[in-house]
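# Close look at the chain arrangement
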Amino acid sequence: MRTLDRKLIRELGHSKAQSLAIALVVASGVAVFVMSVSTLAFLRATRDAYYDRFRFADVFASVPRAPDAVANQIAAIKGIAALQTRIVSEVSLDVPELVEPAVGRLISLPDSGAPVLNAVFIKRGRLPNPDRHGEVLASDAFVESNSIDIGDPIQAVMNGRLQELVIVGVALSPEYVFQVRGGDLLPDDKRFGVFWMAKRQMEAAFDMDGAFNDVSLRLLRGASEDEVIEQLDRLLQPYGGVGAYGREHQVSARFLADEIKSLRATAVVAPSIFMGVAAFLLNVVLSRRIGTQRIVIAGLKAFGYSNSTIAWHYLKSSLIISLIGAAIGAVAGNWMGSGLAKLYSEFYRFPTFVFYPDVRVIFVAIGISLLAAVVGSFRAVQTAVRLPPAEAMRPAAPASYRQSLLEKLGLTALVPVTVRMIIRGLQRRPVNAFLSSLGIGCAVAVLVMSRFGSDAIDYLIDFQFSRTQRHDLQVVFYETTSPAVFNDLKHLPGVQTVEAFRAVPVKLVNGHREHRTSIMGLSQRRDLFRLLNTDEIPIRLPPAGVVLSDKLAEILNVKNGQRIWVEVLEGAKPIREVTVAGIAKEFSGTNAYMDRAALNRLLRESDVLSGAFLAVDARHQEELYQDLKQTPRVASVSVKSATIQQFRDTIAENQLTMQSFTVFFAAVIAIGVVYNTARISLDEKSRELATLRVIGFTQGEISSILLGELAVLTLLAIPLGWLIGYSFCAAMVYGFESELYRFPLVIQPASYARSAIVTMAAAAVSGLLVHRRLQHLDLVEVLKSRE
Amino acid sequence: MIADEQHFVFRMRGVTKVYPMGEVEVHALRGVDLKLFPGEFTVLLGPSGSGKSTLLNILGGLDRPTKGTVHYRDQDLTAASDRELTWFRREAVGFVFQFYNLIPSLTARENVSLVTEVSSDPMPPEDALALVDLTDRRDHFPSQLSGGEQQRVAIARAIAKRPDVLLCDEPTGALDAATGITVLEAINRINLELGTTTTVITHNAAIGQMADRIVRMHNGVIAEDQRVETKIPVAELRW
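Now for a quick tour of the structure. Note that this is a predicted model, so its numbers are computed, not measured.

Basis of the calculations
Residues numbered from 1 in each chain as written. Chains lettered and ligands numbered in written order. Predicted model: local features only at pLDDT ≥ 70, side-chain atom pairs only at ≥ 80, totals over all residues. Heavy atoms only, no water. Pairing = 2+ DSSP bridges. Helix = DSSP H or I, 4+ residues; strand = E, 2+ residues; numbered from the N terminus. Contact = heavy atoms within 4.5 Å. Axes fitted to C-alpha atoms, helices over the stretch in contact; angles between N-to-C directions. Parallel < 35°, antiparallel > 145°, perpendicular 65-115°, else oblique. Left-handed = near helix turned anticlockwise from the far one by under 90°. Nonpolar A, V, L, I, M, F, W, Y, C, P; charged D, E, K, R; others polar. Phe/Tyr/Trp six-rings, centres within 6.5 Å; stacked < 30°, edge-to-face > 60°. Buried < 20%, exposed > 50% of the residue type's maximum accessible area, 1.4 Å probe, protein only. Core = buried A, V, L, I, M, F, W, Y, C linked by side-chain atoms within 4.5 Å. Patch = residues over 30% accessible without salt bridge, like charges linked within 9 Å, V, L, I, M, F, W, Y side chains within 5 Å. Areas by Shrake-Rupley, 256 points an atom, 1.4 Å probe, with all protein chains shown as cover. Salt bridge = Lys/Arg side-chain N within 4 Å of Asp/Glu carboxyl O.

All names here are of chain A. The antiparallel open sheet is built from 4 strands, whose spatial order is 2-10-1-11. For this open sheet the edge positions go to strand 2 (80–86) and strand 11 (245–246), each flanked by a neighbour on one side alone. Sitting on the sheet, helix 6 (residues 225–236) is in contact with strand 1 (59–67), strand 2, strand 10 (211–219) and strand 11, with an inclination near 165 degrees to strand 10.

On to the packing of helix 9 (residues 307–348) of chain A against helix 10 (residues 359–386) of chain A. Residue and element names in this part refer to chain A. Running from N to C, helix 9 and helix 10 point in directions that differ by 150 degrees, and their axes come no closer than 8 Å. In terms of orientation, helix 9 and helix 10 fall into the roughly antiparallel class. Like other packed secondary-structure pairs, helix 9 and helix 10 cross with a definite hand, here right-handed. Residues Asn 307, Ala 311, Tyr 314, Leu 315, Ser 318, Leu 319, Ser 322, Leu 323, Ala 326, Ala 330 and Asn 334 of helix 9 touch helix 10, and the partners they reach there are Ile 362, Ile 366, Ser 369, Leu 370, Ala 373, Val 374, Ser 377, Val 381 and Val 385. For the contact of helix 9 with helix 10, a count of residues per class yields 14 nonpolar, 6 polar and no charged.

What follows covers the packing of aromatic side chains. Considering all chains together, one arrives at 25 aromatic pairs over all chains under this definition. Judged by centre distance (4.8 Å) and plane angle (35 degrees), the rings of Phe 501 of chain A and Phe 613 of chain A are tilted. Residue Phe 501 of chain A is located in strand 13 (residues 495–510), and its partner Phe 613 of chain A is located in strand 19 (residues 609–616); the two are separated by 112 residues in the primary sequence. An identical accessibility class is assigned to Phe 501 of chain A and Phe 613 of chain A; each is buried. Taken together, a centroid distance of 6.5 Å and an interplanar angle of 85 degrees make the contact between Phe 10 of chain B and Phe 88 of chain B edge-to-face. One end of the pair, Phe 10 of chain B, is in strand 1 (residues 10–21); the other, Phe 88 of chain B, is in helix 2 (residues 82–92), with 78 residues separating them in the sequence. In this structure an aromatic cluster arises from ring pairing among Tyr 50, Phe 54, Phe 121, Phe 178, Phe 255, Tyr 344, Tyr 348 and Phe 350 of chain A.

Let us now look at the nonpolar core. Core analysis: the biggest nonpolar cluster contains 172 residues, and Leu 300, Tyr 348 and Leu 689 of chain A together with Phe 10 and Met 12 of chain B have the highest contact counts within it. Listed in part, the 39 residues of the second largest apolar core include Ala 108, Met 123, Leu 134 and Val 153 of chain B.

Quick look at a nonpolar patch on the surface now. All names here are of chain A. Together, Leu 20, Leu 24, Ile 324 and Ile 328 make up an exposed nonpolar region whose accessible area comes to about 310 Å². Counting only elements with at least two residues in the nonpolar patch, the list comes to helix 2 (16–53) and helix 9. Within the fold, Ile 328 resides in helix 9. Ile 328 sits in the partly exposed class, given a relative accessible area of 35%.

Turning next to the environment of Ala 80 of chain B. Looking at the secondary structure, you find Ala 80 of chain B in the loop between strand 5 (75–76) and helix 2. With 19 residues separating them along the chain, Ala 80 of chain B and Gly 61 of chain B place their C-alpha atoms 9.2 Å apart.

Written as structure tokens, this is what we have:
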């Protein structure tokens, strides 16, 4: 069939602008797919290799203090492959050049040899000498963010005593891929760092000789994690253990798992849209081509070409366009994937970076795009095959037009004939008109989605930091402290308001559903830390009962007014039943709140404090930080403005790359669809338009018929696109949702407006291109040919 | 040409064709009986709408009658499957259309190859083009050829497969008289040299004078069927 193939290639060449537009849409889908999936594979492989090579533990537990002998009992639990006990403690740090206090987590290293579990990768420098005072390994992220290096001293308040730490090496650990403290939204590498110190030195500093306060376990293959945790909890309970947890609840591992989950959502949602649009475009273009080739098809049939040969001939052009798109997309996707993988690799500080193109992913992407081509061409090809040759030989019967609503309403005289032609044209082929609008609507939708990320983050920051957490500083104490500290804080320089809180680790249970979190006891009168209900109205804490975050309520499957069990995980570990007295809207974590007095009653304890929220006069900020750094009781201080900055920076780094890609792709779709629609309607109408020119219509008048239809289709597409965009954002919110954070489904009016403006601009550009073609309309030639 | 009643190429019996055209039903043929014989050059005359094209399409296996039977030699075309009809068209029939139906993206020679590639005993495309005097234009695209040349390419395409029958639908309809003559000469030459049974439909009565037989159609029925006693050479036709 060489001659037919030659026809195919020449026709593709003839419509190369249209074909290229479609190929680029396919390419965009393939690129996003290849990028997401290969980055996903990279992340998984790198993470697993990292976890494996550095012996990341399966189960973690902490305890205030347990004697070393307990370790032998733990080791005897069935199903344990390895065990590592450690001393872990958080200290307040005074880092040179950093105004506000930072928090360091000190972790003990065996005095000799590598840790059995949770090994560290020493990037530079050496291990601390167990005989030397204050030598530490510092985490790479902390060192880099604070521009400090080996040899630099850091002041630390350790166990209430000021001590100097000296950095002797820079390290990475699978346990802190995400260097984030429990309760924080995102890592803050500048103000939270991980340090490793020899066990002997830590025992001395924290009076932990012959004891440990942290244990990690690695399980044998096939061992039951739940059973091990249960037995471990039983062993640690007498020493005040607050409950062991598996790797899936380890903060860093969970962040990483969430990231992978959201990437998986991207890998599905975006390519689906692109492939859908591509299939639609192929259908439109091919239907059109087959429409104009009625006579050719009839001829081929008359010469004895079989239906399957003809079907294959037309299908092939879709497949070629798709393949070209897939090839471009695979190359671009790999390039983007390696870029994204590099970005992730730096962000997560993996010790190794190995990214190679995954051939299987590329094959799957090609398969998907070919499938889209087949799906998109199916209807058109079927039409070609079904066309009875004799019927195709006759010119198509004049399209049956009907009176439009306009005539029925008797408005005919009021509208010019060109407008009537536009309306009747649209009305004659409502399905085609709808499909064209739908295609353009997809571009609008992608544009809406491209803005959704930053809209949601803006809303999130406003919600989190202006409407709920309105404090400037959050101070956390080493251990619960008497309310007297309240007055001390109040008298620190620059402090305007103090609101104290108490936090208690708990397990909340409703039937077979349970969740480990902490209950925050808040004072009744609050302005710095507010809770808002789902209508964003402040919640007054009830005198009894617990307020749950919406996600926690969902996890526990409870509604307002229901009763749940609270198992306190510290102190006397009471188990009590409480009423759910409210649901608070929150976008991060799974938190529970109570009135502080009610919490004290629940615990049957006197009033103590875990920390406080402060409002601070900015003028005295530095003075205040200096004081706090020197305050032994203060374990950590988080500064809200720094948190917001960190939040924006981190998100920006991740989102910006993705977003610029999406905007580019949205433009590809918009132009691809609008240009194709315009070109096709030009082809379909060229005869009609030429006739109009011949009988005396002006260039402008025929332009307005053609472009008027396009304008109507574009205008109809905009609300449709908003709706699709909103639905896809809702799907993404659902896809990205995790215990750690949720995205609000918020799209600003400006984003809707922007999507409309960009689409209209793309439509205008396409219209202009088509308008120029209209000027070259060869009247005689068009009228001479039969089609 | 002697008509042996038993050795026909085509035999139509009581052929009726009704088809919808937009929102109306068109009765294109109303019970047509017709036999065409080997080597015969027949001209089907009639005004537009008389059913000529429908008749030709049914003969060529492009369409099926609503009622009646059509035989090609001993094959019942009305009972043939789509696949059999495709095969029949591929092997036995050469078509020439009023508007040439050349594929604009293919050169003259490639348009001919389109047919030779699917038939079992074709002549080389170059030979077919030589038969219609287009050897020096064979690498031109349709847009670079005049109407008469395009129609001759279409004829070359039709005869390149050495068809048993050549069916021409208004082959000169879109051409001026002088060009029309050259096209008719080409068709006549095929008929004489290759002995191909040829049927030409036209509304131009003058063309009938070059044929063996004239069949006049009117309003879906055969109004007159006459043998031509004295044929006029093509070059002397005038209209």
